[in-house]
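Here is how the chains run, residue by residue.
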Amino acid sequence: MSKRIPLETVVEKVGNYYKTVHVAAKRARYLYEQDSYTFGVDIKGEKHKKTVIALLEIAEGKICPKEK
């Protein structure tokens, strides 16, 4: 079901832990607004928690933080 993602790879994409948590939480909140079920389905069809889906999207480069 849900899997662990090495945060080091995600942090490398974003820059630091604070931004990583902020971006992942914002994306997970958006996913929960779209569909209130706890689990979502990723591109491969596997079920994961929405927080895991958000982290996977960041690791894959689909989601990136806005630079000010």
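Everything that follows concerns the structure shown earlier in this document.
None of these values were measured; they are calculated from a predicted model.

Undergrad: With reference to specific residues and values, describe the overall build of the protein.
TA: Of the regular secondary structure elements, the protein holds 3 helices and 2 strands. Each helix and strand of the protein, ordered N terminal to C terminal, gives the series α-α-β-β-α. Relative to a compact globule of 68 residues, whose C-alpha radius of gyration would be 11 Å, the protein shows 12 Å and is just as compact. Along the first, second and third principal axes, the C-alpha atoms of the protein reach 30 × 25 × 15 Å. Residues classed as buried in the protein amount to 32% of the 68 residues present. For the protein, the proportion of contacts with a sequence separation of at least 24, taken over those separated by at least 6, is 49%. Here the protein displays about 5,300 Å² of accessible surface, and carbon together with sulfur accounts for 55% of that area. Across the protein, the 14 positively charged side chains and the 9 negatively charged ones have centroids separated by 3 Å.

Undergrad: Could you give me a rundown of the pattern of salt bridges, with the residues and numbers involved?
TA: Taken as a whole and assessed by the stated rule, the structure comprises 3 salt bridges. As a salt-bridge pair, arginine 27 and glutamate 57 come within 2.6 Å of each other at their nearest N and O atoms. Placement of arginine 27 in helix H2 (residues 17-34) and of glutamate 57 in helix H3 (residues 50-60) is noted, with a sequence separation of 30 residues between them. Judged on exposure class, the residue arginine 27 and its partner glutamate 57 are both buried. The salt bridge partner of lysine 62 is glutamate 60, with a shortest N-O separation of 3.3 Å.

Undergrad: Describe the nonpolar core, listing the residues and the values that go with them.
TA: By size, the foremost hydrophobic cluster in this structure holds 9 residues: Ile5, Val10, Val14, Val23, Ala24, Val52, Leu55, Leu56 and Ile58. At the level of secondary structure, the elements contributing two or more residues to this core comprise helix H1 (7-14), H2 and H3. When residues in this core are grouped by element, the largest group, 4 residues, is from H3.

What counts as what
- Residues numbered from 1 in each chain as written.
- Predicted model: local features only at pLDDT ≥ 70, side-chain atom pairs only at ≥ 80, totals over all residues.
- Heavy atoms only, no water.
- Helix = DSSP H or I, 4+ residues; strand = E, 2+ residues; numbered from the N terminus.
- Rg over C-alpha atoms; globule rule 2.2 N^0.38 Å.
- Buried < 20%, exposed > 50% of the residue type's maximum accessible area, 1.4 Å probe, protein only.
- Contact = heavy atoms within 4.5 Å.
- Areas by Shrake-Rupley, 256 points an atom, 1.4 Å probe, with all protein chains shown as cover.
- Lys, Arg positive; Asp, Glu negative; His and termini not counted.
- Charge placed at Lys NZ, Arg CZ, Asp CG, Glu CD.
- Salt bridge = Lys/Arg side-chain N within 4 Å of Asp/Glu carboxyl O.
- Core = buried A, V, L, I, M, F, W, Y, C linked by side-chain atoms within 4.5 Å.

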